[in-house]
Amino acid sequence: VEPYLETDGEAGCYVGGTLERYQQFRLRVMYWDNRANPNSHNDGQWGWHTRFTSVAFQATLPWNVGFIAQWLGGASDTWEVPGLDAVVDMDFHASFAELTKSFHSQYLTFRYDDYGVEDHDMNPIDDNNEDGHAYTASYGWNITPHWRVNLERLWIRGYRDAREVSGLNEYADESVTLATVRWQL
(Lines give C-alpha, C1' and ligand atoms only; values in the text may rest on other atoms or scores of the structure.)
Protein backbone atom coordinates (compact mmCIF):
# COMPACT_ATOMS: atom_id res chain seq x y z
CA VAL A 1 0.00 0.00 0.00
CA GLU A 2 1.33 3.40 -0.96
CA PRO A 3 1.50 5.67 2.11
CA TYR A 4 0.25 8.76 0.23
CA LEU A 5 -2.12 7.39 -2.35
CA GLU A 6 -4.61 9.96 -3.68
CA THR A 7 -8.15 8.66 -3.13
CA ASP A 8 -10.54 11.51 -3.97
CA GLY A 9 -8.80 14.25 -5.97
CA GLU A 10 -9.70 16.90 -3.38
CA ALA A 11 -7.20 19.67 -2.72
CA GLY A 12 -6.13 20.13 0.87
CA CYS A 13 -5.42 23.50 2.43
CA TYR A 14 -3.49 25.17 5.20
CA VAL A 15 -3.14 28.64 6.61
CA GLY A 16 -0.54 29.94 8.99
CA GLY A 17 1.30 32.94 10.24
CA THR A 18 4.46 33.98 12.05
CA LEU A 19 5.10 36.70 14.60
CA GLU A 20 8.78 37.39 15.12
CA ARG A 21 11.07 39.79 16.93
CA TYR A 22 14.59 39.41 15.52
CA GLN A 23 16.91 37.40 17.82
CA GLN A 24 14.32 37.37 20.63
CA PHE A 25 11.36 35.16 19.75
CA ARG A 26 9.36 33.57 16.96
CA LEU A 27 5.75 32.36 17.20
CA ARG A 28 4.20 30.28 14.42
CA VAL A 29 0.59 29.14 14.19
CA MET A 30 -0.81 26.90 11.46
CA TYR A 31 -4.03 25.05 10.64
CA TRP A 32 -3.96 22.20 8.10
CA ASP A 33 -6.84 20.19 6.58
CA ASN A 34 -6.35 17.65 3.81
CA ARG A 35 -10.13 17.78 3.12
CA ALA A 36 -10.11 14.07 2.22
CA ASN A 37 -13.37 12.24 1.73
CA PRO A 38 -13.25 9.41 4.32
CA ASN A 39 -15.42 7.20 2.09
CA SER A 40 -13.18 7.54 -0.97
CA HIS A 41 -10.90 4.64 -1.82
CA ASN A 42 -8.27 3.76 -4.40
CA ASP A 43 -6.33 0.51 -4.79
CA GLY A 44 -7.37 -0.76 -1.34
CA GLN A 45 -6.57 2.49 0.48
CA TRP A 46 -9.35 4.54 2.12
CA GLY A 47 -9.27 8.31 2.40
CA TRP A 48 -8.23 9.69 5.78
CA HIS A 49 -9.73 13.06 6.64
CA THR A 50 -7.01 14.64 8.77
CA ARG A 51 -6.85 18.16 10.18
CA PHE A 52 -4.70 19.71 12.88
CA THR A 53 -3.51 22.93 14.47
CA SER A 54 0.13 23.57 15.30
CA VAL A 55 1.58 26.26 17.57
CA ALA A 56 5.36 26.65 17.82
CA PHE A 57 7.44 29.07 19.87
CA GLN A 58 11.18 29.75 19.87
CA ALA A 59 13.01 32.24 22.10
CA THR A 60 16.39 33.17 23.47
CA LEU A 61 16.19 33.25 27.27
CA PRO A 62 18.54 34.94 29.74
CA TRP A 63 22.10 33.59 29.82
CA ASN A 64 21.71 32.83 26.10
CA VAL A 65 19.64 29.70 26.71
CA GLY A 66 17.63 28.58 23.68
CA PHE A 67 14.01 27.55 24.20
CA ILE A 68 11.80 25.78 21.64
CA ALA A 69 8.28 24.41 22.19
CA GLN A 70 5.58 23.07 19.91
CA TRP A 71 2.05 21.78 20.36
CA LEU A 72 0.08 19.96 17.67
CA GLY A 73 -3.49 18.72 18.04
CA GLY A 74 -5.99 17.37 15.58
CA ALA A 75 -8.27 14.61 14.42
CA SER A 76 -8.43 11.93 11.76
CA ASP A 77 -11.18 9.62 10.55
CA THR A 78 -11.81 7.19 7.73
CA TRP A 79 -14.55 5.05 6.18
CA GLU A 80 -17.88 6.20 7.58
CA VAL A 81 -20.29 3.25 7.52
CA PRO A 82 -23.99 4.27 7.22
CA GLY A 83 -25.74 3.87 10.56
CA LEU A 84 -22.45 3.48 12.40
CA ASP A 85 -19.54 5.66 13.37
CA ALA A 86 -16.39 5.91 11.29
CA VAL A 87 -14.32 2.74 11.31
CA VAL A 88 -11.43 4.83 12.64
CA ASP A 89 -12.16 8.12 14.43
CA MET A 90 -9.51 9.63 16.67
CA ASP A 91 -8.10 12.82 18.15
CA PHE A 92 -4.35 13.15 18.56
CA HIS A 93 -1.87 15.50 20.16
CA ALA A 94 1.87 15.86 20.50
CA SER A 95 3.98 18.50 22.20
CA PHE A 96 7.53 19.14 23.28
CA ALA A 97 9.63 21.71 25.10
CA GLU A 98 13.41 21.96 24.79
CA LEU A 99 16.15 23.98 26.45
CA THR A 100 19.64 24.28 24.93
CA LYS A 101 22.74 25.99 26.24
CA SER A 102 25.82 26.42 24.07
CA PHE A 103 29.22 27.17 25.53
CA HIS A 104 32.21 27.57 23.26
CA SER A 105 32.17 24.52 20.97
CA GLN A 106 29.86 22.43 23.18
CA TYR A 107 26.15 22.30 23.92
CA LEU A 108 23.78 20.71 26.42
CA THR A 109 20.11 20.05 25.60
CA PHE A 110 17.15 18.84 27.65
CA ARG A 111 13.81 17.98 26.07
CA TYR A 112 10.38 16.78 27.24
CA ASP A 113 7.82 15.20 24.86
CA ASP A 114 4.18 14.31 25.44
CA TYR A 115 1.86 12.52 22.99
CA GLY A 116 -1.50 10.83 22.87
CA VAL A 117 -4.35 9.44 20.80
CA GLU A 118 -7.97 9.33 21.96
CA ASP A 119 -10.00 6.74 20.08
CA HIS A 120 -13.68 7.65 19.47
CA ASP A 121 -14.81 4.80 17.22
CA MET A 122 -16.59 1.69 18.44
CA ASN A 123 -14.25 -0.80 16.78
CA PRO A 124 -13.18 -3.13 19.63
CA ILE A 125 -10.44 -4.91 17.64
CA ASP A 126 -8.65 -1.67 16.74
CA ASP A 127 -8.12 0.24 19.97
CA ASN A 128 -6.02 3.30 19.12
CA ASN A 129 -5.97 4.84 22.63
CA GLU A 130 -2.45 5.65 23.65
CA ASP A 131 -0.44 8.21 25.58
CA GLY A 132 3.09 8.70 26.74
CA HIS A 133 5.95 11.00 27.49
CA ALA A 134 9.69 11.08 26.99
CA TYR A 135 12.76 12.83 28.37
CA THR A 136 15.95 13.42 26.42
CA ALA A 137 19.32 14.72 27.55
CA SER A 138 22.01 15.41 24.96
CA TYR A 139 25.60 16.64 25.03
CA GLY A 140 27.55 17.61 21.90
CA TRP A 141 31.06 18.78 21.26
CA ASN A 142 32.48 20.16 18.02
CA ILE A 143 36.06 19.06 18.57
CA THR A 144 37.24 20.61 15.30
CA PRO A 145 35.36 22.05 12.31
CA HIS A 146 35.32 18.49 10.90
CA TRP A 147 34.83 16.29 13.98
CA ARG A 148 31.78 16.20 16.23
CA VAL A 149 30.95 13.94 19.21
CA ASN A 150 27.44 13.47 20.62
CA LEU A 151 26.11 11.59 23.64
CA GLU A 152 22.35 11.26 24.08
CA ARG A 153 20.06 9.51 26.56
CA LEU A 154 16.34 8.96 25.92
CA TRP A 155 13.75 7.66 28.39
CA ILE A 156 10.20 6.97 27.21
CA ARG A 157 7.10 5.67 28.98
CA GLY A 158 4.02 4.84 26.94
CA TYR A 159 0.61 3.33 27.47
CA ARG A 160 -1.38 1.60 24.70
CA ASP A 161 -4.43 -0.59 25.31
CA ALA A 162 -3.83 -2.58 22.10
CA ARG A 163 -0.59 -4.07 23.48
CA GLU A 164 -2.70 -6.32 25.70
CA VAL A 165 -4.21 -8.00 22.57
CA SER A 166 -0.67 -9.17 21.71
CA GLY A 167 -0.11 -10.48 25.24
CA LEU A 168 2.09 -7.51 26.21
CA ASN A 169 1.84 -5.13 29.13
CA GLU A 170 -0.13 -1.98 28.25
CA TYR A 171 2.72 0.07 29.72
CA ALA A 172 6.11 0.16 28.07
CA ASP A 173 9.21 1.73 29.57
CA GLU A 174 12.19 2.04 27.29
CA SER A 175 15.48 3.85 27.27
CA VAL A 176 18.40 4.13 24.91
CA THR A 177 21.83 5.68 25.05
CA LEU A 178 23.44 6.79 21.82
CA ALA A 179 27.03 7.87 21.27
CA THR A 180 28.13 9.13 17.87
CA VAL A 181 31.30 10.43 16.29
CA ARG A 182 30.83 12.33 13.06
CA TRP A 183 33.30 13.53 10.50
CA GLN A 184 32.13 16.00 7.88
CA LEU A 185 33.79 17.76 4.96
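I will try to describe carefully the structure that is included in this document. What you are looking at is a predicted structure, and each value in this text was computed from that prediction instead of being measured.

The rules behind these values
- Residues numbered from 1 in each chain as written.
- Predicted model: local features only at pLDDT ≥ 70, side-chain atom pairs only at ≥ 80, totals over all residues.
- Heavy atoms only, no water.
- Helix = DSSP H or I, 4+ residues; strand = E, 2+ residues; numbered from the N terminus.
- Buried < 20%, exposed > 50% of the residue type's maximum accessible area, 1.4 Å probe, protein only.
- Contact = heavy atoms within 4.5 Å.
- Polar contact = N/O pair within 3.5 Å; in protein donor to acceptor, adjacent residues only side chain to side chain.
- Phe/Tyr/Trp six-rings, centres within 6.5 Å; stacked < 30°, edge-to-face > 60°.
- Lys NZ or Arg CZ within 6 Å of the ring centre and 35° of its normal.
- Patch = residues over 30% accessible without salt bridge, like charges linked within 9 Å, V, L, I, M, F, W, Y side chains within 5 Å.
- Areas by Shrake-Rupley, 256 points an atom, 1.4 Å probe, with all protein chains shown as cover.
- Salt bridge = Lys/Arg side-chain N within 4 Å of Asp/Glu carboxyl O.
- Pairing = 2+ DSSP bridges.

As for its position among the elements, Y107 is in strand β8 (residues 106–119). A relative accessible area of 16% means that Y107 is categorised as buried. Residues Y107 and G140, 33 residues apart in the sequence, show an inter-C-alpha distance of 5.3 Å. Each residue touching Y107, except ones within four places of it in the same chain, is listed here: T100, K101, S102, S138, Y139, G140, R148 and N150. A polar side-chain atom of Y107 sits 3.3 Å from a polar atom in the side chain of R148.

Going through the model one piece at a time under the given rule, you end up with six aromatic pairs. With centroids separated by 6.3 Å and ring planes inclined at 55°, the aromatic side chains of F57 and F67 adopt a geometry described as tilted. Here F57, found in strand β5 (residues 48–61), pairs with F67, found in strand β6 (residues 65–80); they are ten residues apart in sequence, far enough to count as distant. Looking at R111, its charged tip hangs above the ring of F96, at a distance of 3.8 Å from the centre.

A few words on unusual backbone geometry. Positive phi is not limited to glycine here, since N64 has a value of about 60°. Given the relative accessible area of 54%, N64 is considered exposed. With phi around 55°, H104 is a residue other than glycine that occupies positive phi space. Inspection of the secondary structure assignment puts H104 in the loop between β7 (86–103) and β8. H104 gets classed as exposed once you look at its relative accessible area, which sits at 86%.

Taken together, the side chains of W141, I143, W147, V181, W183 and L185 define a hydrophobic patch exposed on the protein surface, amounting to about 710 Å² of accessible area. Within the secondary structure, W141 is located in strand β9 (residues 130–142).

Counted according to the given criterion, the structure contains seven salt bridges. Two residues, R26 and E20, come together in a salt bridge whose shortest N-O distance is 3.1 Å. Look at R26 and you get partly exposed, because its relative accessible area is 27%. Look at the salt bridges and you will find they share partners, linking E98, R111 and D113 into a network.

A word on the pairing of β8. Here 14 bridges tie β7 to β8, and the two strands are oriented antiparallel to one another. Among the inter-strand pairings, L99 is bridged to a residue of β8, identified as F110. Between β7 and β8, which follow one another and run antiparallel, lie two residues, and H104 among them has a positive phi close to 55°. Sheet analysis places β8 next to β9, joined by twelve bridges and oriented antiparallel. Looking at β9, one finds that D114 is bridged to H133.

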